[in-house]
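Residue-level structural notes
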Amino acid sequence: EASPWIETALGGDVTNPPVLGGALLRARTGRTWGASLGTGFSFDSTWSFDDDQVRVRTIPIDLSAFVLLTRGAFELSPELGITAPVWVSQSLEFEQPEQVRLQVGARAALSARYWFDETWGVAASLSASLFPRPYSFVVLPSEILGETPSVWLGVSLGLALRLDPG
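Read on for a plain summary of the structure.

Here is what the cut-offs are and how they apply
- Residues numbered from 1 in each chain as written.
- Predicted model: local features only at pLDDT ≥ 70, side-chain atom pairs only at ≥ 80, totals over all residues.
- Heavy atoms only, no water.
- Pairing = 2+ DSSP bridges.
- Helix = DSSP H or I, 4+ residues; strand = E, 2+ residues; numbered from the N terminus.
- Salt bridge = Lys/Arg side-chain N within 4 Å of Asp/Glu carboxyl O.
- Buried < 20%, exposed > 50% of the residue type's maximum accessible area, 1.4 Å probe, protein only.
- Axes fitted to C-alpha atoms, helices over the stretch in contact; angles between N-to-C directions.

Time to look at the pairing of strand S2 (residues 19-30). Where strand S1 (residues 2-10) lies against S2, seven bridges are found, and the strand directions are antiparallel. Directly across from Pro-4, in S2, lies its bridge partner Ala-23. Across nine bridges, the pairing between S2 and strand S3 (residues 33-42) is antiparallel. Paired with Gly-30 across the bridge in S3 is Gly-34.

Put into structure tokens, the structure is as follows:
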């Protein structure tokens, strides 16, 4: 599956709710149950905190187990797994290098696909991610500007390609 993706957060230290957008690729294996692996990229996003603005981008990575429910050309798959995005951030107010951090959390999603034929289809997904330990944005030497939100909600809509139509 390949799709554009948008995600927004609930709560957190950011002045306005942060929004991330980019593209995702997802590979799935399994017929009635299986696993999916997703990755992608986000475009740069500027987050405002009380004392600074931070440029943020992420490389989302997730691994989930799913159950596949099928009716004709329509598929529905609830998913549960882990997510481990790589965060790249840099202060826009203070001179310092980019910070790169890995954050680990839980992911739940509901994905749907409609197959036009044996090979091509359309895919849509709604997801929620929970991070119990937020990532802190730090200005050197040790001032914490704020943290990433703990709860993220995402949506994607794109194309699905079945490599093994059997």
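Anyway, onward from the coordinates.
What follows is about the pattern of salt bridges. On inspection of all chains with the given rule, the structure shows twelve salt bridges. With a closest N to O distance of 3.0 Å, Arg-57 and Glu-98 form a salt bridge. Here Arg-57, found in strand S5 (residues 53-59), pairs with Glu-98, found in the loop between strand S9 (86-91) and strand S10 (99-102); they are 41 residues apart in sequence, far enough to count as distant. For Arg-57, a relative accessible area of 26% gives the class partly exposed. On the basis of relative accessible area, Glu-98 is assigned to the partly exposed category, the value being 37%. The closest approach of N and O atoms between Glu-75 and Arg-113, which form a salt bridge, is 3.0 Å. Of this pair, Glu-75 sits in strand S8 (residues 74-83) while Arg-113 is found in strand S11 (residues 105-115), placing the two residues 38 residues apart along the sequence. A single salt-bridge network, built from bridges that share partners, covers Glu-1, Arg-26, Arg-28, Asp-62, Glu-75, Glu-79, Arg-107 and Arg-113.

Okay, the sheet that holds strand S4 (residues 45-48) next. Remark on secondary structure: sheet strands pair via backbone hydrogen bonds, oriented parallel or antiparallel. Spatially, the four strands line up as an open sheet ordered S4-S5-S9-S10, and their pairing is antiparallel. One side of each edge strand has no neighbouring strand; the edge strands of this open sheet are S4 and S10. With direction set aside, neighbouring strand axes in the sheet form an average angle of 30°. Bridge count between S9 and S10: four bridges; the pairing is antiparallel.

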